[in-house]
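Results of the structural survey
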Amino acid sequence: RYVTVKGLSERIVEADLAIWSIVFRNSANDLEELQRDVDDNKTKLYNFLLGMDFSESEISSMPPQITDTQSMPYFDAGRGREYRYIAVTKVTLRSNNVLGVKKAMERAGDLVSAGIAIGEDSSTQFSFTKLNDIKPEMIAEATKNAREAAEQFARDSGSRVGAIRRANQGYFTIDDRDKGSPDYKSVRVVTTVECFLTSP
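In this report, the structure presented in the accompanying data block is examined. Here the structure is a predicted model, which means the values were calculated and not measured. (Residues numbered from 1 in each chain as written. Predicted model: local features only at pLDDT ≥ 70, side-chain atom pairs only at ≥ 80, totals over all residues. Heavy atoms only, no water.)

To continue, consider helix α1 (residues 31-51). Between the first and last C-alpha of α1 there are 30 Å, a value that for 21 residues agrees with the 30 Å anticipated at 1.5 Å per step. For α1, the elements touching its buried residues are β2 (17-28), β3 (59-61), β4 (65-68), β5 (85-95), α2 (98-106) and α3 (108-113). The backbone nitrogen of E32 lies 3.0 Å from a side-chain oxygen of the residue at the head of α1, namely D30. Of the residues flanking the end of α1, it is D53, one or two places downstream, whose phi is positive at about 75 degrees. (Helix = DSSP H or I, 4+ residues; strand = E, 2+ residues; numbered from the N terminus. Expected span 1.5 Å × (residues − 1). Contact = heavy atoms within 4.5 Å. Polar contact = N/O pair within 3.5 Å; in protein donor to acceptor, adjacent residues only side chain to side chain.)

Of the strand pairs in this sheet, β2 and β5 are connected by 11 bridges, and their pairing is antiparallel. Residue pairing across strands places I19 opposite R94, the latter belonging to β5. Where β3 meets β5, 3 bridges bridge the pair, whose relative direction is antiparallel. If you follow S60 over to β5, its bridge partner there is T92. (Pairing = 2+ DSSP bridges.)

Following the sequence through the fold, D16 ends up in the loop between β1 (2-14) and β2. No salt bridge is formed by the buried D16; its nearest oppositely charged neighbour, K130, is found at 5.3 Å. Engagement of the side chain of D16 in a polar contact is seen with the side chain of T129, the distance being 2.4 Å. Other than its neighbours up to four places away in sequence, D16 contacts S95, N96, V98, S127, F128, T129 and K130. (Buried < 20%, exposed > 50% of the residue type's maximum accessible area, 1.4 Å probe, protein only. Lys, Arg positive; Asp, Glu negative; His and termini not counted. Salt bridge = Lys/Arg side-chain N within 4 Å of Asp/Glu carboxyl O.)

Where charged atoms from two side chains of opposite charge approach closely, those side chains can pair. One pass over the structure, following the stated rule, counts 13 salt bridges. As a salt-bridge pair, R107 and D110 come within 3.0 Å of each other at their nearest N and O atoms. Exposure remark for R107: the relative accessible area of 41% places this residue in the partly exposed category. Overall, the relative accessible area of 36% leaves D110 in the partly exposed class. Between R165 and E194 there is a salt bridge, with the nearest N and O atoms lying 2.4 Å from each other. Within this pair, whereas R165 is found in strand β7 (residues 160-168), its partner E194 is found in strand β9 (residues 184-198), the two being separated by 29 residues in sequence. A residue is classified by how much of its surface remains accessible, and R165, at 34% relative accessible area, is partly exposed. A residue is classified by how much of its surface remains accessible, and E194, at 12% relative accessible area, is buried. Via salt bridges that share partners, R11, E137 and E141 belong to a single interconnected network.

In structure tokens:
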């Protein structure tokens, strides 16, 4: 005879990696002017991040995506547009200094004041990358909790818990603790254990 039980282990941990993707737009009627504006904004943005004590190795950028509005479907030459060319540029900050990234985000208004139109498609991602450091303890805790559940079942049924017949670690999940604090993560694992039951 055996019993199948589950044990849970959960930890609340702080994220150790932050990725801030900053998207900004520039518009102009001349490509050279557009490129100058993009370069000027990138310089301001890089200087802002460097001034917040991040290193150049933590900052990267993608070539701007340029749209010619006159080549768009349903373009109305008579109606026209204020600017012909629109450039969308993304600069990404990837850093283990999560607190520093949060402080930089709080000062994003400085970028707007400098003339950088930050797009609504900018985003921030927080990650926890040190799962291997806490895996052994969490598996041990989940297995212990499962064993305690088996012992409770055995007491209720007038039996004793014997050796483990089979154990399944289960999958680790890492989720935001809540919507308001994505820089804190809830790490969970459920272990399934089958234990032999013996007579008292």
